[in-house]
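Fold and geometry: a report
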Amino acid sequence: MSKTVVLPQTDSPSVVASVSFWQAFRFWLKLGFISFGGPAGQIAMMHQELVDNRRWISEGRFLHALNFCMVLPGPEAQQLATYIGWLMHKTWGGVIAGVLFILPSLVLLIALAWIYLVWGDVAVVAGIFYGIKPAVAAIVLQAAHRIGSRALKNGAYWAIAAAAFVAIFALNVPFPLIVLAAALAGFIGGRLAPTIFGKADAHRAQSHPGGAAIIDDTTPIPAHAIFSWRRTSQVLIAGMLLWLVPMAALTLMLGWAHPLTQMSWFFTKAALMTFGGAYADQPYVYQGAVPHYGWLTAGQMMDGLALGESTPGPLIMVVTFVGFVGGYTKAVLGVDDVLLGGIAAACLVTWFTFLPSFIFILAGGPFIETTHNKVGFTAPLTAITAAVVGVILNLALFFIWHSVWGPSGFDPWSAAIALGAAGLLFRYKWKLTWVLAAAAAVGLIVHMAGLSGAGLGRRWAERNVDRWGLGREASA
């Protein structure tokens, strides 16, 4: 295990002599506890710390790694941490960086999911989630706008996004088929109209005023980062064994139809479908976890997304919540061990969700470092990102419907919270954690005052129906 990184020759006083493995370990552990704000915030935080403050890596090498992570399925911020950890301290450096990026969130979400299931009907907890649910709808809507502003650069991409929305909203087409259709459209478009479906490189390296970094643009490639087919084969074989052994054990011990086996298989597929960020994964996870397998309800899915937004780590960590709730409520290890069943399901789901990300980085990193090519969105992947915008818009409408207009009628307080959260996000650019905290506070006040619920909306409409002139003809 290497404890130093190769240094460029520089006279810059801002460059330290080396970065020990344990110094990096402490940083990755700290990052795991403070990585709020979703992928954009997490990447910005790593950039500020690693590029600007600590000068462990240069702007060009940082963006080079980020471009690679952006075209991979999976959480790009966690993959970026794995990549930089691997570049600095070999395989174990990458593993530690990637694991510590998600470990605090794993522990925290298991604890919160247990509290949610055991005490979720307590007035205080119910009030907090009453406010958070409509805020989540606004957050997802903002995600669609944020990704769309970057991906929908011309009419062709707008058409793909619209087609994806219609496919999943009106035709209930499975998310994987939408991804494949978008990729095919991008591939054909890239051949027939390369000026429209060309590569999009949103990141450009710039010189840094702080001088050379420890891993600078001119730093020689470390020996472990030089591409070789032998090493790549070893990583792929190891990764396949790490997937195959637990999957085979679950199948042999519990059977293929057991919930734990099905969760492991389902989230393996989900991990390979997350082009465009974690929000793109949510429709696929919802389709499988809620209506297909019945591991949790639509309301619980929204609560889990709210917890994922308000805790550190990648948003895709919501799968930990899904796994825990499914394992707990389905008593996968027996009715006497529901807590243990929830923990086992949460850990298995997290393992199978993040394992592909580690394989992608450890197997592909040497090729990227050796070639030093600028890796941007290819035409198929750009088309997938455009389709993801339509899919996320459908998800936002789904959340809005279930939080604002339930089966009992319209809930004006939920609508007001959703509109307020949207205003804070779009107009005033509040951080997600601030918006969720404000929404939780308002929801708690409304709920404790006995004003919450769709029934209030129905009573309010009944009292005001004549004021609007509605129903007069019926009473005449």
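Computed from a predicted structure; not experimentally measured. (Residues numbered from 1 in each chain as written. Predicted model: local features only at pLDDT ≥ 70, side-chain atom pairs only at ≥ 80, totals over all residues. Heavy atoms only, no water.)

Some remarks on the packing of aromatic side chains
Quick reminder of the rule: Only Phe, Tyr and Trp rings are paired, with Trp represented by its six-membered ring, and only when their centres lie within 6.5 Å; those with planes under 30 degrees apart are stacked, over 60 edge-to-face, the remainder tilted. In this description a helix means any DSSP run of H or I spanning at least four residues, a strand means any run of E spanning at least two, and both kinds are numbered starting from the N terminus. With a 1.4 Å probe rolled over the protein chains alone, any residue whose accessible area is under 20% of its type maximum counts as buried; one over 50% counts as exposed, and the rest are partly exposed. Comment: the charge-over-ring label is applied if NZ (Lys) or CZ (Arg) is within 6 Å of the ring centre and within 35 degrees of the ring normal.
Taken as a whole and judged by the stated rule, the model has 20 aromatic pairs. For the ring pair Phe165 and Phe169, a centre distance of 5.2 Å and an interplane angle of 10 degrees mean the geometry is stacked. Remark: Phe169 and Phe165 occur in helix H6 (residues 155–169); sequence separation between them is four residues, near one turn of the helix. Note on Phe169: relative accessible area 51%, which makes it exposed. A cation sits over an aromatic face here: Arg54 above Trp56, 5.3 Å from the ring centre.

Thoughts on the layout of surface pockets
The condition that has to hold: The pocket and cavity definitions rest on a 1 Å grid over protein atoms only: a 1.4 Å probe that fits but cannot leave marks a cavity, an open set with protein on both sides within 12 Å along at least five of seven lines marks a pocket, and residues lining either have an atom within 4 Å of a point. Grid points are joined across faces, edges and corners, and a volume is the space filled by probe spheres set on the points. Three classes are used, and their members are as follows: Ala, Val, Leu, Ile, Met, Phe, Trp, Tyr, Cys and Pro are nonpolar, Asp, Glu, Lys and Arg are charged, and the others, Gly among them, are polar.
Quantified by volume, the second largest pocket comes out at close to 560 Å³. The biggest single contributor to the lining of the second largest pocket is helix H13 (residues 338–371), with eight residues. Class assignment for the residues of the lining of the second largest pocket results in 15 nonpolar, four polar and one charged.

Describing the packing of helix H8 (residues 229–254) against helix H9 (residues 259–271)
Convention followed: Helix axes are fitted only over the stretch in contact, all axes being lines through C-alpha atoms; the angle between N-to-C directions runs from 0 to 180 degrees. Working rule for angles: under 35 degrees goes down as roughly parallel, over 145 as roughly antiparallel, 65 to 115 as roughly perpendicular, anything else as oblique. Left-handed describes a crossing in which the near helix is turned anticlockwise from the far one by less than a right angle; the clockwise case is right-handed. We call two residues in contact whenever any of their non-hydrogen atoms come within 4.5 Å of each other.
Running from N to C, H8 and H9 cross one another at 150 degrees; their axes reach a closest spacing of 9 Å. Put simply, H8 runs roughly antiparallel to H9. Judged by the sense of rotation from one axis to the other, the crossing of H8 with H9 is left-handed. Across from Trp243, Met247, Leu250, Thr251 and Leu254 in H8, the residues of H9 making contact are Leu260, Thr261, Ser264, Trp265 and Thr268.

Structural notes on the confidence of the model for the protein
Put simply, the rule reads: On a range of 0 to 100, pLDDT expresses the predictor's confidence in each residue.
Put simply, the protein has an average pLDDT of 80, and 81% of its residues get 70 or more. Of all secondary-structure elements in the protein, the lowest mean pLDDT belongs to helix H18 (residues 472–475), at 36, while H8 reaches the highest, 96. pLDDT under 50 marks residues 373–377. Its contacts with residues more than four places away, or in other chains, come to 18 contacts. The low-confidence segment residues 454–476, where pLDDT is below 50, has 15 contacts with residues more than four positions distant or belonging to other chains.

With respect to the packing of helix H1 (residues 21–34) against helix H4 (residues 76–119)
One can describe the packing of H1 onto H4 by two numbers: an axis separation of 8 Å at closest approach and a directional angle of 30 degrees. Considering their axes alone, H1 and H4 lie roughly parallel with respect to each other. For H1 against H4, the interelement crossing comes out right-handed. Across the interface between the two elements, Phe21, Ala24, Phe25, Trp28, Leu29, Leu31, Gly32 and Phe33 from H1 touch Ala81, Ile84, Gly85, His89, Trp92, Gly93, Ile96, Ala97, Leu100, Phe101 and Pro104 from H4. For the contact of H1 with H4, the per-class residue count stands at 15 nonpolar, four polar and no charged.

Here we look at H6
Applied cut-off: Multiplying 1.5 Å by the helix residue count minus one yields the expected span of that helix. Directions drawn from the helix axis to the C-beta atoms are what define this arc. In the analysis that follows, any N or O atom pair within 3.5 Å is treated as a polar contact, provided that within protein one partner can donate a hydrogen and the other can accept it, and provided that, for residues neighboring in sequence, both atoms belong to side chains.
For H6, built from 15 residues, the straight-helix expectation of 21 Å at 1.5 Å per residue is met to within 8% by its first-to-last C-alpha distance of 21 Å. Among the residues making up H6, those that are buried are Tyr157, Ile160, Ala161, Ala164, Phe165, Ala167 and Ile168. Projected down its long axis, H6 shows its buried positions confined to an angular sector of 165 degrees, all on one face. Counted as exposed and oriented over 90 degrees from the buried face of H6: Gly155, Trp158 and Phe169. The opening residue of H6, the one whose side-chain oxygen lies 3.1 Å from the backbone nitrogen of Ala156, is Asn154.

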